[in-house]
Amino acid sequence: MKILITGSQGFVGKNLVAELKQGDLGQLMEFDLGTDPALLDEYCKEADFVFHLAGVNRPKDTAEFMEGNFGFTSELLACLKKHKNTCPLMISSSTQAALDNPYGQSKKAGEDLVFEYGNQSGADVLVYRLPNLFGKWSRPNYNSVIATFCHNISRDIPIKVNDPSTVLTLVYIDDLVEELLRALEGRASRQGKYCTVPVSHEVTLGKIVDLLENFKASRQTLAVPDMGDEFEKKLYATYLSFLPEDAFAYPLKMNVDDRGSFTEIIRTPERGQFSVNITKPGITKGNHWHHTKNEKFLVVAGEGVIRFRKLGSEKVIEYHVSGDKMEVVDIPPGYTHNIENTGQVDLVTFMWANEPFDPGKPDTWFLKV
């Protein structure tokens, strides 16, 4: 299958092209501003499916709206007509097409043109009125407010919110691409004469800003977003895609002494705390027990032994651990326990506790094994 994609270097185009290439779903004919205009005629002759994603969002002159969103669509349809190519045609419109503004008017004109073309030619036309889109590779101050907010907040650039209660309808780029692949297979989601993306999110501007500020602060708080919340998960992925390239890494506080170190990585209220513990050769750490707190230890380097003794018992239980054998050891409540480095190199242990450490309620009681 030969697939023509106009606007192939835009936000939606880049994501769609990447997915089509990844799945080896056809021979792609990419057309964008830098493409030789003469190729459009050739592509329209050969195309088995057209994704018409090219358009103008924020021109310097409002007259460019009609030129970019209506004029180029006219040119595209003329090429298809010339070659009597009635392959399916998808066009990205906007919910703004229902509004009386220059951008909306240009999108509505493009829609009308495509519907008329479909009626005259018999071609299957798929018109998507898209709401606000967000995701990786979007452009700040151009594609969406989320792109601008992610870019600015990640760089300590001020943002302006006039009304935090404003509700936005948002579609995530991966959900859009998934729908476009269904359209390619002849399974487009339709509502009346328009096509739609089944998955969308309605969120206030205030909540978006709060989440983004929390994402930024998470490098200090060690908190992570609620990955059970689909919108929060998608917004976090989008935020990370906007990090400056010299700011991917961030330091952690290492609690160091002559025994080794202990470093927290992640703290969550509902999934506990994740840490890395380094124990020097010959050193024993721990010798404490918990009422309710429980942990999991995973040695990833070195070798050692984890010892347990149930309160009220003299019996000592030993588990020999090594980075050569990945094995999780549960630390149950009611057992005093320790970990000793019996090797010649640092013992590195990945640790999980069911709750972040709370100095006011540590639930940690000293007792030698």
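Below you will find a few notes about this structure. Remember, it's a predicted structure, so these values are computed and weren't measured experimentally.

1. Let's talk about the pairing of strand β13 (residues 272–279)
Strand residues, when the strand is regular, have side chains that alternate between the two faces of the sheet.
Stage number 1. Pairing geometry for strand β12 (residues 260–268) and β13, over 8 bridges, is antiparallel. Of the residues in β13, the one forming a bridge with R267 is Q273.
Stage number 2. As judged from the 7 bridges shared by β13 and strand β20 (residues 347–353), these two strands associate in the antiparallel manner. Residue F274 lies in a different strand from β20, and its bridge partner there is W352.

2. Quick notes on the sheet that holds strand β6 (residues 132–134)
Stage number 1. Here 3 strands make up an open sheet; going across it, the order is β6-β7-β10 and the pairing mixed. A strand with exactly one partner marks an edge of an open sheet, and here the two such strands are β6 and β10 (201–204). Neighbouring strand axes in the sheet, compared pairwise and without regard to direction, differ in orientation by 45° on average.
Stage number 2. Summarising the sheet, strand β7 (residues 167–172) and β10 pair through 4 bridges and their orientation is antiparallel. Residue pairing across strands places T169 opposite E202, the latter belonging to β10.

3. Comments concerning a nonpolar patch on the surface
Stage number 1. On the surface, a nonpolar cluster with roughly 250 Å² of combined accessible area is contributed by V300, M326 and F350.
Stage number 2. Residue position: V300 is located in strand β15 (residues 295–301).
Stage number 3. On the basis of relative accessibility, which here comes to 35%, the residue V300 falls in the partly exposed class.

Calculation criteria
- Residues numbered from 1 in each chain as written.
- Predicted model: local features only at pLDDT ≥ 70, side-chain atom pairs only at ≥ 80, totals over all residues.
- Heavy atoms only, no water.
- Pairing = 2+ DSSP bridges.
- Helix = DSSP H or I, 4+ residues; strand = E, 2+ residues; numbered from the N terminus.
- Axes fitted to C-alpha atoms, helices over the stretch in contact; angles between N-to-C directions.
- Patch = residues over 30% accessible without salt bridge, like charges linked within 9 Å, V, L, I, M, F, W, Y side chains within 5 Å.
- Areas by Shrake-Rupley, 256 points an atom, 1.4 Å probe, with all protein chains shown as cover.
- Salt bridge = Lys/Arg side-chain N within 4 Å of Asp/Glu carboxyl O.
- Buried < 20%, exposed > 50% of the residue type's maximum accessible area, 1.4 Å probe, protein only.

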